[in-house]
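Below, each chain spelled out in residue letters.
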Amino acid sequence: MKSPVFSQLRGAVGVLVRGGSIERLINELAGQGIEIWDLQPLPDGSMKMTMHVADFFRLRPLLRRTGCRVRVQHRSGLPFALLRLWGRKWFVFGFALFIAVIFSLSQLVWDIEVNGNVEIPEEDVLKIAREEGLYPFQWIFALPRQDKLSAELNRKLPGTSWVGVSRTGTRVSIQIVEATQPKEKKLMSPRHLISTADAVITYIYAEKGQPEVKKNDRVKKGQILISGFQGGGQVVSKGEVKGNVWHEYRIEVPLVRKQRVYTGEKKEQGYLYFGNTAIQLSGYGKTPFEHYQVMTEFNPLTWRSFKLPIGWMSEKVLETTELEIKLSKDKAIRDGIERAKRDIVAKNGADSVVLSQKILHEKTDNGKVYMKVLFEVEQNIAEELPIVHDQGE
Amino acid sequence: MSRFVRKIRKWTVDALDLPSDLVFDLPRLTLIGGKQLYIENHRGVVHFSPESLQLELSQGTLEVEGSGLVIREIMPQEVVIEGRIHGIKYRGMEES
């Protein structure tokens, strides 16, 4: 039995046989083992049949013997397709070239990305990668093996603890894990620690340098607390010194406090705005309030995360009124001292502690309380003073 | 084929229950509906037209009648016929 696939590969011709004794021809063909199929007699005595191309050329002696004549009607199969293709050989050539170009372009490294570098510049990594034979427009098959490449990169790049090279398609990514370097110390010149204020020392701890004072010593402003001269050399003195300092405050507190409050009355105004231009659409009319505050709210048109310069602006006009709150004298004094304490903490550091306070003097005049208060504060009194070298005389 | 040989063969077929087409060189026909006909052991085409096909056999001839007959495939011993088959006739048999 014949297989249609193989007969198409070998190529088949459909022929029309006329005249002579066709039956004899068929018998001869079958006898010689020439495969013929789809024999179809026509009413005029001729016959259509199909055979392989190779067999067609063995037909001639048989035709002469049987007196038949033959005409090719149609051709099919691979040999004829190739023949037709040969007629368009430049098209075929171009197509093959296209495939070849696409294939070879996909065999190039197109992109190198460097990930995970913080300290090491990307240029350095790429430069060393180039030395190792990894650069854009390099053939992928010419690359060194990936484990070898990562080992070499790791060896040549200082400050890396691991380098990984991986390739997906035409993209090579270099993953870098940097080694953590110890922090560099800031360079400092030798210095003393001196006092910022007249104080009594309550606590002294010298991490570096020679302590010059003891606990409970009285110090003047500018006095050296921890000296930078130690053991014949100069050091950067470091330490913590706390002392009791007295601060004198003059405080005045009004007995009547004015406060603005909302009455609850409001008026709304709506605008449509384009860029810096706004058109009022609602809330016309004069504002009926004597004192008021305006709250403005913008609602721009947004598209995803972009804000368009067009939108709705609403203004709320809120009526306000001033309330007068009368304070008792005691409350005024307490408020004043509280304010002063906050000021001390703000000026002398958060670790300052107010140990005691003493109202030296107070008087009420013109609706205000005037007073003079002395605070005893334990605070940090150390301040750095660089040691200046004598330049000689 | 001599008479004696034929008798021996017939006896062998009967005794051993062999298929007679193998031994006597008789044709084997396989008809599928009225559409397709396989004929094995033919001896060549005598006449072929859309209405009839005459095949030579080892003894006598076989005529296939029908309309639109086509030989789908032909080999030295086998032939496959397609079309609307109306009748199959045997001619010129020496003995049944």
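Residues numbered from 1 in each chain as written. Chains lettered and ligands numbered in written order. Predicted model: local features only at pLDDT ≥ 70, side-chain atom pairs only at ≥ 80, totals over all residues. Heavy atoms only, no water.

In the nomenclature of an unreviewed UniProt entry, chain B corresponds to Sporulation protein YqfC from the organism Paenibacillus faecis.

The name recorded for chain A in an unreviewed UniProt entry is Sporulation protein YqfD, from Paenibacillus faecis.

Trainee: So what's going on with the overall build of chain B? Residues and values would help.
Mentor: Across its full length, chain B carries two helices and six strands. For chain B, the succession of helices and strands along the chain, N to C, is α-α-β-β-β-β-β-β. Every one of the 96 residues in chain B was classed for burial, and the buried ones make up 33%. By sequence separation, contacts in chain B at least 24 residues apart represent 39% of the contacts at least 6 residues apart. (Helix = DSSP H or I, 4+ residues; strand = E, 2+ residues; numbered from the N terminus. Buried < 20%, exposed > 50% of the residue type's maximum accessible area, 1.4 Å probe, protein only. Contact = heavy atoms within 4.5 Å.)

Trainee: Provide a residue-level description of the pattern of salt bridges, including the pertinent values.
Mentor: Residues and elements named next belong to chain A. Following the criterion strictly, the structure yields 21 salt bridges over all chains and no others. Ionic pairing is found between arginine 24 and glutamate 28, a salt bridge with its closest N-O pair at 4.0 Å. Residue arginine 24 and its partner glutamate 28 are both found in helix 2 (residues 22-31); the two are separated by four residues, about one turn of the helix. Taking relative accessible area as the criterion, glutamate 28 reaches 22% and is therefore assigned partly exposed. Taking the shortest distance from any N to any O, the salt bridge between lysine 331 and aspartate 335 comes out at 3.3 Å. Within this pair, lysine 331 and its partner aspartate 335 are both found in helix 9 (residues 329-348), separated by four residues, close to a single helical turn. (Salt bridge = Lys/Arg side-chain N within 4 Å of Asp/Glu carboxyl O.)

Trainee: Just give me the short version of the UniProt feature "transmembrane region" (unreviewed entry) in chain A, but keep the residues and values in it.
Mentor: Those residues carrying the UniProt feature "transmembrane region" (unreviewed entry) are residues 90-110 of chain A in this numbering. Within residues 90-110 of chain A, the helical portion is 76% and the strand portion 0%, while the C-alpha atoms at the span's ends are 30 Å from each other. (UniProt positions renumbered as here; feature names shortened; annotations may be inferred.)

Trainee: Would you mind going over the packing of aromatic side chains in detail, with residue names and values included?
Mentor: Residue and element names in this part refer to chain A. For the structure on display, the rule yields seven aromatic pairs over all chains. For the pair tryptophan 90 and phenylalanine 93, a centre-to-centre distance of 5.6 Å together with 85 degrees between the ring planes defines the contact as edge-to-face. Here tryptophan 90 and its partner phenylalanine 93 are both found in helix 6 (residues 89-105), three residues apart, which amounts to about one turn of the helix. Residue classification places tryptophan 90 among the exposed positions, given a relative accessible area of 66%. The exposure class assigned to phenylalanine 93 is partly exposed, which follows from its relative accessible area of 47%. Where tryptophan 139 meets phenylalanine 141, the ring centres are 5.4 Å apart and the plane angle is 15 degrees; that geometry is what we call stacked. In this structure, arginine 88 packs its charged tip against the face of phenylalanine 91, placed 5.1 Å from the ring centre. Its guanidinium or amino end placed over the ring of tryptophan 86, lysine 89 lies 5.0 Å from that ring's centre, counting from NZ or CZ. (Phe/Tyr/Trp six-rings, centres within 6.5 Å; stacked < 30°, edge-to-face > 60°. Lys NZ or Arg CZ within 6 Å of the ring centre and 35° of its normal.)

Trainee: I'd like a rundown of the sheet that holds strand 20 (residues 353-365) of chain A, residues and numbers included.
Mentor: All names here are of chain A. One open sheet holds the five strands; their spatial order is 11-9-15-21-20, and the pairing between them is antiparallel. Bordering the open sheet on either side are strand 11 (218-219) and strand 20, each of which pairs with just one other strand. Sitting on the sheet, helix 9 is in contact with strand 15 (238-254), strand 20 and strand 21 (368-380), with an inclination near 35 degrees to strand 21. (Pairing = 2+ DSSP bridges. Axes fitted to C-alpha atoms, helices over the stretch in contact; angles between N-to-C directions.)

Trainee: Pulling in residues and values, what's your account of the sheet that holds strand 8 (residues 191-195) of chain A?
Mentor: Residue and element names in this part refer to chain A. Spatial ordering of the open sheet is given by 10-12-8-22, a layout of four strands whose pairing is antiparallel. Strands at the two margins of the open sheet, each flanked by one partner only, are strand 10 (210-211) and strand 22 (382-386). The pairing of strand 10 with strand 12 (residues 224-227) spans two bridges and is antiparallel. When the sheet's bridge partners are listed, proline 211 is paired in strand 12 with isoleucine 226.

Trainee: Kindly report on the side chain of Ser173(A), identifying the contributing residues and their values.
Mentor: All names here are of chain A. Tracing the backbone shows serine 173 in strand 7 (residues 171-178). Overall, the relative accessible area of 16% leaves serine 173 in the buried class. For serine 173, the contacting residues outside a window of four places in its chain are Glu113, Asn115, Gly164, Val165 and Ser166.

Trainee: Quick rundown of the interface of chain B and chain A? Include the residues and the values.
Mentor: Counting from both sides, the interface comprises 15 residues of chain B and, opposite them, 13 residues of chain A. Across the chain B/chain A interface, buried area totals approximately 1300 Å², and carbon plus sulfur atoms make up 62% of it. Summed over the three residues of chain B that lose the most area to chain A, namely Phe48(B), Glu73(B) and Ile74(B), the buried surface amounts to 37% of that side. On the surface where chain B and chain A come into contact, there are one salt bridge. Here Asp38(A) makes a salt bridge to Arg72(B), at a shortest N to O gap of 2.4 Å. At the surface where chain B touches chain A, the tally comes to five residue pairs in polar contact (both at pLDDT 80 or more). At the level of secondary structure, the elements contributing two or more residues to the side of chain B that touches chain A comprise strand 3 (45-48) and strand 5 (61-74) of chain B. Ranked by residue count, the leading element in the side of chain B that touches chain A is strand 5 of chain B, at six residues. (Buried area = accessible area lost by both parts, 1.4 Å probe. Polar contact = N/O pair within 3.5 Å; in protein donor to acceptor, adjacent residues only side chain to side chain.)

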